[in-house]
Every structure is written in structure tokens, then in C-alpha cells.
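# Close look at the chain arrangement
Listed below are the residues making up each chain.
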Amino acid sequence: MAASEENSALFPIFILTIMAIPLVPYTMVKLSRAVSKKQRTIHCQCLECDRSGKYKRSLFKKISNFSTWSNLTLVLLWVVMIFLIYYTKNMSRETQVFDPFSILGLEPGVSDSEIKKAYRRLSIQYHPDKNPDPEANKYFVESISKAYQALTDPVSRENFEKYGHPDGRQGFQMGIALPKFLLDIDGASGGILLLWIVGVCILLPLVIAVIYLSRSSKYTGNYVMHQTLSAYYYLMKPSLAPSKVMDVFTKAAEYMEIPVRRTDDEPLQKLFMSVRSELNLDPKNMKQEQAKFWKQHPAIVKTELLIQAQLTRESGVLSPALQGDFRRVLELAPRLLEELLKMAVLPRTSQGHGWLRPAVGVVELSQCIVQAVPLSARKSSGVSSEGISPFLQLPHFSDAVVKKIARKKVKSFQELQEMSLEDRSELLTQVAGLSATDVEDIEKVLEMMPSLTVDITCETEGEEGIQEGDIVTLQAWVTLRRPNGLIGALPHSPYFPFHKEENYWVLLADSVSNNVWFSQKVSFLDEGGAITAASKTISDTMEGSGAGVKETSDAVREAVEKVKGGSRLVMGKLQAPSEGTYNLTCYCMCDSWIGCDKKTSLKVKVLKRTRAGTRGMVSDEGVIAEEGMEEEDEIEEEDYDDDYESEYSEDEDDKKDVVEKKGSKKANGTVKKKESSSEESGSEEE
């Protein structure tokens, strides 16, 4: 019975331990994420971003952000843990070790006469004949009498002084930390114990496993449905025009789960009339085009209209029910667009290349959604050859403002950026008619806009030149600069209702053949992670090339300084194609800003594989006679819009086939590069 009571007393400690094992680490992870998220909230300070409310830290917003199911469950579990700690602490006071001297109120080593006096004194107070209280009777029998016997009997006293127990040496006992009623196997308690064991040891793990497996079978690691990836894979085409990317994007399975209500018909009809010009409907057959549009799946129609409401900044006219759907569509958009881009650059060709044209279209669609700029604004116009979309991301800018400043020969966004502060202020106030406060807002956004430079090389490690079949190492340093001196920051996006981090995509591609050779995502927010990755990559590369410890240390130190200065290392490997000269382009594209993309030309000369060559994998043509190498040529930059302009005004899917490179390719060469910007145009020198 005593052992049963002791096991029952240990049950709260058992539960406390089981709860603490997962709860403490999970809480630490949540706190670390919250701290890191708080450190990364460097955002635009313009009035439009301030009015959006997504960066405000009001008490109501703090409570609403905190009041998630996971956070509330976490708080509840901690409340239970605190209660168990308090209960266990008080319980430890009650369950004390049997000490006869303490019970009789004596010091160890007293005489027998003093023991008898103490016993008589306590008997007068607790004896059943003197005190009818049942608790007093229990205490007298179980404690006082037992203590007196332990001290008056010579054997019991000797055992207590030697072993700490009147009965002598005690054996090691094991028990189950369960409540007393569960350990009583008489009656119904045995069934309760059986249910407890089955529930905790079998059913609970089984339920958790079923929930986890059902969710993992439905979603990928990026919380995108497998059904969505399958749809994106089969709908992605190499000639997919940027204007058609929207049609693929809206086919996500997540958007199919958005409820379609009858009460939404009238608001969606009004929204359709507002955004009809942005839906790429043929004006010559408008009735047929409209009918075809509404015959699509209702969820697809609703999703596309809500996205168009974001692009045209018409979300204010949506009903309260549609506002919830609108936020859900935009909340899912960043990660769905990222997966759609991965599907575009996924190796599809026999050479293992992805497709450039749809990849550029996905990034441009992401830019427009974040900045709430219509896709039609990317069309070349009489005002600007690059379209007016870069201007429209600035606060207080509209079509009318762009036309006004165009009269002063400011037709490109780069021209506006390169103006001095005084000239730009004079232009915007006197010509565009903006106030001084508006100009101050515009300057804040221009100071937040990133400027990119790319330094890229391709080489075969340990060899001179590149031969067909070689494993080529690509190394690029992407450097970001802002006029305000920041490196990692959140973009200006007052119309996007959620925090959006800047992400950059590096694409090494052949714009003529529409092939993407290499792709990688780059972020400038996590400096610590970038330092770790760059240090490890440079260290492995130097050690692989046989460099000494000092050289490796110096290279790692230099890489760390570059990362701290706003650079990120992009490194990868690819197999050299067949012999020839390849005019490649390295695109560095931001998914949040319009007009900040960078393009760097890269000329790669691949030699025929020599008879003695053993590097990499031999191409299908086999071993070919040795050829010499000649000095490489430099390629100047070409304008981004001239080389690969947006095609929102024209659908060339069915009109234009992919142009393949023709002509003989020279056999000799190595690699060299020269940076270029998206605004400049240049010529190739040989």
C-alpha cells in the first residue's frame, strides 16, 4: 500500500517530465524565430506603407497576431506545467522521509527517559481516548506509535541509526508513476488501466502518425500541394508568354479550395467590368471571349479576378466576404510563384536545361503582384520603351504624372534615378504638380531601391580552358547596394497586405535557345547563414585545389568580409556542352521590385575534348583530336528589354517557334565576362 501511494505521488512528476521534453525545445524555437523576425523588420518609411497598417504594432494587432491556435495551445500547456510544478512542490513537503526523532520532537542521541516523556506528551494530545478526531487517531497510530517503537526497541533503533529505517536495510523498489486508482486492479480499475495503456501507448502515437502522413502526402516541404506541382509541371511550356503565365498560376489546387458562394456573383461581375481590359480578351470577339472566360471553373475565375483586383488596385470595392478570399489568394501567391518558377527552370531538355521565357514571366508576374502594378503597364509605349511599370511602384505616381515628366525628356526610370536630388525635386513639384511631402515619400522609396552588380566566372577546376564534357564550376558574387546604406530590408509594397521578403533569382541562360543552364535563389536578409555557407564553400574549394591552410584562411576571411559588405556567393556546377562558342546571359532578377533586374553577359568557349583528356564526362561525339586555345573576347552589355522584352501586348505562343542557334562554332576558347545593366545596350566584340 505504501509503495502504491508513493507511485501515485510520483504521477504528477511523471506527467510534468513528459510535457517538458517536447514543450521546452518547441518554446525556445518559437522564441528564437520571433526574435529573428523582429530583427528583420526593416521596412519602407513612406506614408503609403505607414497607412497600410501592416507594420504598425498596435495592441490589438499584437493580440490578433499572437492569438493563433499554436500560440494559445502553447500558453495553455505552460499554464498546466506551472500548476504541476506548484503541486509537486507542495506535495514534496507532505511526503517526507520517516524520521522518528522529528516526529517525537527530539534530537538524535537522546536517552530513553526523554523518549518516553515525549511519547506521553504526544499521547495526551493525539491518543484516541483523549482526542476523538479521526485524523489525530491516524497520526497517532501511523506516526507516533511507530516512532516510539522504532526508538524504544533496541533492534529497531539500531536498524534506523544504521540503515535509516526501523526494519533494517531496504531493497530497491520499482513502481509505475500512475494514480492510485489505476493501480488497484480490483473492480473497474483494471479496465481503466488497460484503456490508459492502449490510449497513451498505441492510439495516441497512431493518431499523430496518421495526421502527419496524411498531411505530408498532400503537401511538399514548402507547404505546396503535390497536386499543384503536378498541374504546374504539365501546364508549363517552353514558349509560354509572360502574358499567359497568369493562366497557369491560377490553376493551383490551393485556389480550388477557396469557397465559391452565390452571394459573390454580383460583386465578381462588377469586378470583371473594372478589370476586363487586363484579361487579354480579344476585343473583336468580346462576347465570345467573355462567355469563354465565365465557363472556366468558378474557383479559377474568382482567383484570377481577385489577382486582377490586386494588380489594378481595385481591392477596396470588394465585399467583406471577398476581402477574406482576397487576402488568402495573396497570402498563398509568393510560395506558389516560387514553385512555378522552379517548374520553369526544371531540367527538361536532353542537355538538362530549363526554360528562360516562362521563368522571366513568373518573376515579372511576382513583381507586379507585390507592387500592385497592371501587367499591361509593362508594354512599351510612346512615353517609355520599358513601359511605365517602374514608375507606378513609386508613391503618388500615376499615368498622368508619367506623361507630364515625359514632356521634359524623362522617359525612362533610370533617367529619373540618375537625376540629382534638386533636379528631381524641381521636376516633381513644378512639372508633375506634386507636393513637398509627396516628393519626400518618393525619395524614401528611391533610397530603398536596390542596385545590383554581378561578378561571374566559369572554369574547370585545376585545368586551363573548358572542354566538352567537363564539370564546369560557376562562381558569382552578387552585390546589393542601396542609397540609404541598408542591405537586407523589406520592399516598398503598401498594397500587398503581408510582409514580403526580397528574393533574388540568378539565372544563367542562353536567350537565343531559351535554355536556362543554372538557377539559384539568393536572399540578403540572413547574413549569418550567408557567412556560414560562403565560408564552407570557399574552404571546400580551396582545399580541393590543394591550397595551404594560410591561403584557405585568407580566402575565407575575404569571403566573410564580402558577405558583410552586402555580397552573396552563388556557386554551382554544370556539365560543359559540345564544342563551340556560347553567348550566355546571367540574369539577376528580384521578385519584389520592378526595374532593378541586372543582366551580365558571359561568353563561354568550349573546346573539343583532346585525346589525352580525362576530365569530366566524354561527350557523345567521343574523343577528338587536340585543339589549341585562343584568348577570349569580351562582350558588352545588351539592354534587358531589347534582349528579352516583356510580351504582355503580344501572345506569340503559337506564332513563334524557339530559334535555335545556327552556324559553325569556333573550337578554341576560355571564359570571360563583363557586367551590364538592364538599361544599357551594347555590341559584341570579337
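Each chain carries its own residue numbering, running from 1 in the written order of its sequence. A pLDDT threshold of at least 70 governs which residues receive local features in this predicted model, and a stricter bar of 80 or more applies before side-chain atom pairs are shown or counted, although totals over entire chains, interfaces and linings include all residues. With hydrogens and water excluded, all non-hydrogen atoms of the structure serve as input to the side-chain values.

The chain is annotated in an unreviewed UniProt entry as DnaJ protein ERDJ2A from Raphanus sativus. UniProt positions are given in the numbering used here, feature names are shortened, and annotations may be inferred rather than shown by experiment. On record in UniProt, under Subcellular location (unreviewed entry), the comment for the chain is "Endoplasmic reticulum membrane". UniProt's Subunit (unreviewed entry) comment on the chain is quoted here verbatim: "Interacts with OEP61/TPR7."

What follows deals with the overall build of the chain. Runs of E in the DSSP output that reach at least two residues are strands. Runs of H or I that reach at least four are helices, and both are numbered from the N terminus. Along the chain, the regular secondary structure elements total 26 helices and ten strands. Only protein chains enter the accessibility calculation, which uses a 1.4 Å probe; a residue whose area is less than 20% of its type maximum is buried, one above 50% is exposed, and one in between is partly exposed. Looking at the chain as a whole, 44% of its 686 residues qualify as buried. In the chain, the share of contacts with a sequence separation of at least 24, taken over all contacts with a separation of at least 6, comes to 72%. Surface accessibility follows the Shrake-Rupley procedure with a 1.4 Å probe radius. Residue values consider only the protein chains on display as shielding. By element, 54% of the accessible surface of the chain is carried by carbon and sulfur atoms, the whole surface being about 37100 Å². Note on definitions: a residue-residue contact is assigned when non-hydrogen atoms from the two residues lie within 4.5 Å.

A carboxyl oxygen of Asp or Glu within 4 Å of a side-chain nitrogen of Lys or Arg is what we treat as a salt bridge. Scanning all chains against the criterion turns up 19 salt bridges. When the shortest N-O distance is used, the salt bridge between lysine 521 and glutamate 338 registers 3.1 Å. Note that lysine 521 is positioned in strand β6 (residues 515-522) and glutamate 338 in helix α17 (residues 320-345), a separation of 183 residues in sequence. With a relative accessible area of 17%, glutamate 338 lands in the buried category. A salt bridge links lysine 536 to aspartate 540; the shortest N-O distance between them is 3.1 Å. On the criterion of helical spacing, the pair formed by lysine 536 and aspartate 540 is a turn pair, its members being four residues apart in helix α24 (residues 527-544). Residue classification places lysine 536 among the exposed residues on the basis of a relative accessible area of 54%. Where salt bridges share partners, they join Arg261, Asp264, Lys302 and Asp325 into one cluster.

Looking now at the UniProt feature "transmembrane region" (unreviewed entry) in the chain. The sites that carry the UniProt feature "transmembrane region" (unreviewed entry) are, in the present numbering, residues 12-29, 66-87 and 192-213. A helix fraction of 100% and a strand fraction of 0% characterise residues 12-29, whose end C-alpha atoms lie 26 Å from each other.

For the rest of this paragraph, the subject is the pairing of strand β4 (residues 471-481). Burial analysis of β4 places eight of its eleven residues in the buried class, which makes it a mostly covered element. Here strand β2 (residues 451-459) pairs with β4 via nine bridges, running antiparallel. Of the residues in β4, the one forming a bridge with threonine 457 is glutamine 475. Pairing of β4 with strand β7 (residues 567-575) involves nine bridges; the strand directions are antiparallel. Opposite valine 478, over in β7, you have arginine 568 as the bridge partner. Pairing between strands is defined by DSSP: at least two bridges between the two strands are required.

The subject of this paragraph is the sheet that holds β2. The strand order across the open sheet built from three strands is β2-β4-β7, with neighbouring strands paired in antiparallel fashion. Each end of this open sheet is capped by a strand with a single partner; those strands are β2 and β7. Neighbour-to-neighbour, the strand axes of the sheet open up by a mean angle of 15 degrees, direction not taken into account. The axes used here are C-alpha line fits, helices contributing only the stretch in contact, and every angle between their N-to-C directions lies in the interval 0 to 180 degrees.

Time to look at the packing of helix α22 (residues 421-431) against helix α23 (residues 436-448). Orientation of α22 relative to α23, taken along the N-to-C sense of each, is 135 degrees, at an axis distance of 10 Å. Comparing their axes, α23 and α22 come out oblique. For α22 against α23, the interelement crossing comes out right-handed. Together, Leu421, Arg424, Ser425, Leu428 and Thr429 of α22 and Val439, Ile442, Glu443 and Leu446 of α23 make up the contact between the two elements. Ten residues, namely Ala, Val, Leu, Ile, Met, Phe, Trp, Tyr, Cys and Pro, are considered nonpolar, four, namely Asp, Glu, Lys and Arg, are considered charged, and the remaining ones, Gly among them, are considered polar. Taken together, the residues that form the contact of α22 with α23 break down as five nonpolar, two polar and two charged. Should an angle fall under 35 degrees it is called roughly parallel, over 145 degrees roughly antiparallel, and 65 to 115 degrees roughly perpendicular, with every other angle called oblique. Crossing chirality is assigned from the near helix's rotation relative to the far helix, an anticlockwise turn below a right angle marking it left-handed and a clockwise turn marking it right-handed.

This brings us to the packing of α24 against helix α25 (residues 549-564). Taken N-terminus to C-terminus, the directions of α24 and α25 make an angle of 155 degrees; their axes are 9 Å apart at the nearest point. As far as their axial angle goes, α25 and α24 are roughly antiparallel. Classified by chirality, the crossing of α25 by α24 is right-handed. Between α24 and α25, the contacting residues are Glu527, Ala530, Ile531, Ala534, Ser535, Ile538, Ser539, Met542 and Glu543 on the first element and Glu551, Thr552, Ala555, Val556, Ala559, Val560, Val563 and Lys564 on the second.

What follows is about α24. Taking 1.5 Å per residue as the helical rise, α24 with its 18 residues ought to reach 26 Å, and the 26 Å between its terminal C-alpha atoms agrees with that figure. Those residues of α24 that sit buried are Ala530, Ile531, Ala534, Ser535, Ile538 and Ser539. Each buried residue of α24 sits inside an arc of 150 degrees when the element is viewed along its axis, so together they form one side. Away from its buried face, by an angle of more than 90 degrees, α24 presents the exposed residues Thr532, Lys536, Glu543 and Gly544. Tucked into the core, α24 has its buried residues touching α25 and β7. Any pair of N or O atoms that falls within 3.5 Å is considered a polar contact. Within protein, one atom must be able to donate a hydrogen and the other to accept it, and sequence-neighbouring residues count only if both atoms are side-chain atoms. Its side-chain oxygen placed 3.1 Å from the backbone nitrogen of glycine 529, aspartate 526 serves as the N-cap of α24. Trailing α24 by a residue or two, glycine 546 shows a phi angle of about 85 degrees, which is positive. In a helix, the anticipated span is given by 1.5 Å times the number of residues less one. In this description, the arc belongs to the directions extending from the helix axis to the C-beta atoms.

Our next topic: the packing of aromatic side chains. Only the six-membered ring of Trp is used, alongside the rings of Phe and Tyr, when aromatic pairs are assigned; centres must lie within 6.5 Å, and planes under 30 degrees apart are stacked while those over 60 apart are edge-to-face, with the rest tilted. The final tally for this structure, using the stated rule, is 13 aromatic pairs. Ring geometry for phenylalanine 391 against phenylalanine 413: centres 5.6 Å apart, planes inclined by 85 degrees, an arrangement best described as edge-to-face. Taken together, the residues phenylalanine 391 in helix α19 (residues 389-392) and phenylalanine 413 in helix α21 (residues 413-418) connect sequence positions 22 residues apart. For the pair formed by phenylalanine 391 and phenylalanine 413, the shared burial category is buried. Grouping aromatic residues by their ring pairs yields a cluster made of Tyr119, Phe140 and Tyr148.

Once that is clear, we can look at the nonpolar core. Counting 60 residues, the largest nonpolar core has Leu394, Phe397, Ile405, Ile456, Leu474, Tyr504 and Leu508 as the members making the most contacts within it. Those domain boundaries reflect an automatic or database domain assignment. Taken domain by domain, this core gets at least three of its residues from each of domain 3 (223-393) and domain 4 (451-524 + 566-607). The residues contacting tyrosine 504, other than those within four sequence positions of it, are Pro450, Leu452, Leu480, Arg482, Gln520, Lys521, Val522, Phe524, Cys588, Met589 and Cys590. The criterion is simple. A nonpolar core is a set of buried Ala, Val, Leu, Ile, Met, Phe, Trp, Tyr and Cys residues joined through side-chain atoms within 4.5 Å. Formed by 56 residues, the second largest nonpolar core is a distinct cluster that contains Leu305, Leu341, Trp505 and Ala509.

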